[in-house]
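Working through the structure, step by step
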Amino acid sequence: MTIRHHLSDQLLMAYAAGQLPEAFSLVVAAHLSLCDDCRAQADSFDAVGGAVLEEAGEIAMGEDALARTLARIEWLPRAAAPKPRRAAGIFPAPLVDYVGGDLPAVRWRRVGGGVRQAILPTDRDATARLLYIPAGTAVPDHGHRGLELTLVLQGAFADETDRFSRGDVEIADEALEHTPVALAGQDCICLAATDAPLRFRGLIPRLAQPLFRI
Ligand SMILES: [Zn+2]
């Protein structure tokens, strides 16, 4: 798998600092589990965070803090050996944890034109959804009021900017107006996060917007 569209340093830094809304963190974590390049970059930002902690002045904790922590560890049941993860599905591990399984566990809802979505439970600062776009189908032409991250999990789509396939992330902001089209051959499944409603040009998608929280 060759990934050509990666996360920005800005997003990786915000992720390392724990500053992203949950929906964006999920997309970042899912991409990291597919992309060695971004994982290496994320590790270097983690190292910066570690260095900052090392340099930070110490704040004393309660005198018995260490003893109490150790006592609790004693009480923890011995963890079972981790089960090997099945690699059969298309969902990266962080997404499997969210959905409670792979593709068959998703409860899709129709949004029109053959497109289906499933909104994932995250905090309300941003929305995460799975999108199912049948091969050859276009998502209505839209712009963005905020940030939109789209990670391809199956198939591929193309828009005015480029072509995106499994593992690729498209980072869209206010400047981008696009019409993503799922390429022929395989239905396209994506994980997308948005922090503001999209701006649709067409009337019908605009009317349907509040219904689908898109
Ligand atoms: Zn990457």
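Residues numbered from 1 in each chain as written. Predicted model: local features only at pLDDT ≥ 70, side-chain atom pairs only at ≥ 80, totals over all residues. Heavy atoms only, no water.

1. Things to note about helix α2 (residues 22-32)
- With respect to burial, α2 is a largely interior element, 9 of its 11 residues being buried.
- Within α2, burial applies to A23, F24, L26, V27, V28, A29, A30, H31 and L32. (Buried < 20%, exposed > 50% of the residue type's maximum accessible area, 1.4 Å probe, protein only. Helix = DSSP H or I, 4+ residues; strand = E, 2+ residues; numbered from the N terminus.)

2. Examining the coordination of the zinc ion
- Taken together, the protein donors to the zinc ion comprise H6 (ND1), H31 (NE2), C35 (SG) and C38 (SG), at separations of 2.1 to 2.3 Å.
- For the zinc ion, the 4 donor atoms in the first shell make angles of 93 to 133 degrees at the metal, so the coordination geometry reads as tetrahedral.
- Along the chain, the residues donating to the zinc ion are arranged with the sequence spacing H-x24-H-x3-C-x2-C. Within this pair, whereas H6 is found in the segment before α1 (9-16), its partner C35 is found in the loop between α2 and α3 (36-55), the two being separated by 29 residues in sequence.
- What makes H6 partly exposed here is its relative accessible area of 28%. (Donors = N, O, S within 2.8 Å, 3.2 Å for Na, K, Ca; no water. Tetrahedral: all angles 85-135°; square planar, octahedral: opposite > 155°, others 65-115°.)

3. Quick look at the pairing of strand β1 (residues 109-112)
- In this sheet, strand β2 (residues 115-120) lies alongside β1 in antiparallel orientation, the contact comprising 3 bridges. Paired with G112 across the two strands is V115, which belongs to β2. (Pairing = 2+ DSSP bridges.)

4. Examining the packing of α1 against α3
- Contact pair α1 / α3: the axes reach a minimum separation of 9 Å and the direction vectors enclose 50 degrees. In terms of their interaxial angle, α1 and α3 are classed as oblique. The two elements α1 and α3 meet at a crossing, and its hand is right-handed. Between α1, through D9, L12, M13 and A16, and α3, the contact on the second element is made entirely by C38, Q41, A42, F45 and D46.
- Per-class residue counts for the contact of α1 with α3 are 6 nonpolar, 1 polar and 2 charged. (Axes fitted to C-alpha atoms, helices over the stretch in contact; angles between N-to-C directions. Parallel < 35°, antiparallel > 145°, perpendicular 65-115°, else oblique. Left-handed = near helix turned anticlockwise from the far one by under 90°. Contact = heavy atoms within 4.5 Å. Nonpolar A, V, L, I, M, F, W, Y, C, P; charged D, E, K, R; others polar.)

5. Comments concerning the nonpolar core
- One finds L95, L130, L153 and L191 to be the most contacted residues of the largest nonpolar core, which totals 36 residues.
- Put simply, the parts of the chain that give this core at least two residues each are α1, α2, α3, α5 (93-99), β2, β3 (127-133), β5 (148-154) and β10 (188-194).
- Grouped together as the second largest cluster of nonpolar side chains are 11 residues, V115, I133, A182 and C188 included. (Core = buried A, V, L, I, M, F, W, Y, C linked by side-chain atoms within 4.5 Å.)

6. A few points about the packing of aromatic side chains
- All told, the structure shown has 2 aromatic pairs when counted by the stated rule.
- Ring centres of W108 and Y132 lie 5.5 Å apart, and the angle between their planes is 75 degrees; on these two criteria the pair is classed as edge-to-face. Highlighted residues: W108 in the loop between α5 and β1 and Y132 in strand β3, separated in sequence by 24 residues.
- When the ring centre of Y132 is taken as origin, the NZ or CZ atom of R116, which lies over that ring, is 4.2 Å away. (Phe/Tyr/Trp six-rings, centres within 6.5 Å; stacked < 30°, edge-to-face > 60°. Lys NZ or Arg CZ within 6 Å of the ring centre and 35° of its normal.)

7. Brief notes about the pattern of salt bridges
- This structure, assessed with the given rule, holds 3 salt bridges.
- For D162, the salt bridge identified is with R4, shortest N-O distance 3.6 Å. Residue D162 is located in the loop between β6 (156-158) and β7 (163-165), and its partner R4 is located in the segment before α1; the two are separated by 158 residues in the primary sequence.
- Two residues, R39 and D36, come together in a salt bridge whose shortest N-O distance is 2.5 Å. Of this pair, R39 and D36 are both found in helix α3, 3 residues apart, which corresponds to roughly one turn of the helix.
- Since its relative accessible area comes to 54%, D36 is described here as exposed. (Salt bridge = Lys/Arg side-chain N within 4 Å of Asp/Glu carboxyl O.)

8. A word on the sheet that holds β1
- Taking strand neighbours across the sheet as the criterion, the 6 strands line up as β1-β2-β3-β10-β5-β8 in an open arrangement whose pairing is antiparallel. Edge positions in the sheet fall to β1 and β8 (169-172), since each has one partner strand and no second. The average angle at which neighbouring strand axes cross in this sheet is 25 degrees, direction not considered.
- Contacting β2, β3, β5, β8 and β10, α2 crosses the sheet at an angle of about 135 degrees to β10.

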